[in-house]
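For reference, the chains in residue letters:
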Amino acid sequence: MENVLVIGATGNIGTSAVTAALRSKRQVLAVVRNQKSGEKLVKNVGTSEGITFVEADVVSDTGIKGVVEQVRAGKLPAFQHVFTCVGADYIPVALKDITPAQLRDNMARAFDSNFYAYRETISYLLEQGKPATYTICTGAMGDLAIFPLPAMTQGPLYSMATAASRENAETNVRFNEIYLAMRVEVDEEAKEHGVTTASEFAAVYEGILSRPEIRSSRVNVVDNGDIKDLKYETKVLDPQAFLRGINSQN
Ligand SMILES: NC(=O)c1ccc[n+]([C@@H]2O[C@H](COP(=O)([O-])OP(=O)(O)OC[C@H]3O[C@@H](n4cnc5c(N)ncnc54)[C@H](OP(=O)(O)O)[C@@H]3O)[C@@H](O)[C@H]2O)c1
């Protein structure tokens, strides 16, 4: 049975990815920061069946590296898919009020961790030589910047996803970015707040896992209609055509 490594597994989006993996008859290797976070995931998903938990510090550059070393040593199950969605503060602070410490902490949690996740797992997926996927979740906040702090962590993730899409365009790894432009929360909280549930949103990742034609793409999720009917576009642009497009607008 295939395994999905989920990094950021205990959050709103991670819970959704775990649900998608289990619904698609795969098992999950969930990276959690501690037992309490693991218990939160089990409560929100509704089961621990099919989930192997591993504790690691995802913000450190050695956290996921250690997980992959344990997989290589046969101490943890092999994985064929990675989903990453570590996030930080979702709060409205004006640009001028963001402290240097707040900026560093949020970039470390919401960007560095997702970069380390990619850096430490991609070679492993490539080495397998078999069909594999890597999926990252970003958000429209990066373009809207209504909350500047979480917005600024998204910009570098977009660029990272473009680079990964380009670098894996012809490898065994289907890299994709989910660009989410609506609010998703774990089921209980979503129902309370009238937003989309993690269980509903799980259909997006199920779709990506099951459709080999979706690769090196951004999957845009703007409303509930986009959850079942996936809208995607390539992230690998031809540089010359891109520059001609810009020049023709000027
Ligand atoms: N939810 C949405 O509607 C939405 C929309 C658009 C984009 N996104 C993007 O999706 C990503 C995840 O969002 P989310 O709503 O799932 O966030 P979330 O519920 O806050 O979850 C964040 C995840 O990161 C982990 N994490 C954060 N800081 C950590 C630390 N210092 N050490 C270890 N783990 C840490 C959390 O672990 P713990 O559970 O242990 O705290 C949790 O697993 C973000 O990049 C966000 O911008 C989300």
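Residues numbered from 1 in each chain as written. Predicted model: local features only at pLDDT ≥ 70, side-chain atom pairs only at ≥ 80, totals over all residues.

Colleague: Kindly report on the site of the ligand, identifying the contributing residues and their values.
Modeller: Contacts to the ligand come from 24 residues, most closely from Thr-10, Gly-11, Ser-37, Gly-87 and Gly-139. Tallied by class, the residues present in the shell around the ligand amount to twelve nonpolar, nine polar and three charged. (Near = placed C-beta within 6 Å. Nonpolar A, V, L, I, M, F, W, Y, C, P; charged D, E, K, R; others polar.)

Colleague: Please set out the nonpolar core residue by residue, giving values where relevant.
Modeller: Ranked by size, the top nonpolar core spans 56 residues in total, and within it Val-6, Ile-7, Ala-17, Val-18, Ala-30 and Val-31 carry the most contacts. Top contributing element to this core by residue count: helix H8 (residues 198-210), with seven residues. Once residues within four sequence positions are removed from consideration, Val-31 is found in contact with Val-6, Ile-7, Ala-9, Val-54, Ala-56, Val-58 and Val-67. (Core = buried A, V, L, I, M, F, W, Y, C linked by C-beta atoms within 7 Å. Buried ≥ 20, exposed ≤ 12 C-beta atoms within 10 Å, placed from the backbone. Helix = DSSP H or I, 4+ residues; strand = E, 2+ residues; numbered from the N terminus. Contact = placed C-beta atoms within 7 Å.)

Colleague: Please give an account of the sheet that holds strand E9 (residues 217-221) that cites residues and values.
Modeller: Strand order in this open sheet of eight strands is E3-E2-E1-E4-E5-E6-E9-E10, and the pairing throughout is mixed. Of all strands in the sheet, those bounded by a partner on one side alone are strand E3 (51-55) and strand E10 (231-234). Between one strand and the next, the sheet's axes are offset by a mean angle of 20°, whatever the strand orientation. As paired elements, strand E1 (residues 3-7) and strand E2 (residues 27-32) share five bridges and run parallel to each other. By the bridge assignment, Asn-3 is partnered in E2 with Gln-27. Each of strand E5 (132-139) and strand E6 (173-180) touches helix H6 (residues 148-167); the most contacted strand, E5, lies at about 155° to it. Sitting on the sheet, H8 touches strand E4 (81-84), E5, E6 and E9, and the angle it makes with E5 is about 150°. (Pairing = 2+ DSSP bridges. Axes fitted to C-alpha atoms, helices over the stretch in contact; angles between N-to-C directions.)

Colleague: Hey, could you go over helix H2 (residues 35-45) for me, with residue numbers and the actual values?
Modeller: When we look at burial in H2, the residues that qualify are Gly-38, Leu-41, Asn-44 and Val-45. Seen end-on, H2 carries its buried residues on one side only, within an arc spanning 125°. Of the exposed residues in H2, those oriented more than 90 degrees away from the buried face are Gln-35 and Lys-36. Buried positions along H2 lie against helix H1 (12-23), E2, E3, helix H7 (187-193) and H8. Immediately beyond the C-terminal end of H2, within one or two residues, lies Gly-46, with a positive phi of roughly 95°. (Arc of directions from axis to C-beta.)

Colleague: Kindly report on helix H3 (residues 63-72), identifying the contributing residues and their values.
Modeller: Residues that lie three or four places apart on an α-helix share one face, since the helix turns once every 3.6 residues. Gly-63, Ile-64 and Val-67 are the residues of H3 that are buried. Mapping the buried residues of H3 onto a view down its axis gives an arc of 90°, with all of them on the same face. Considering only its buried residues, H3 is in contact with E1, E2, E3 and helix H4 (100-128).

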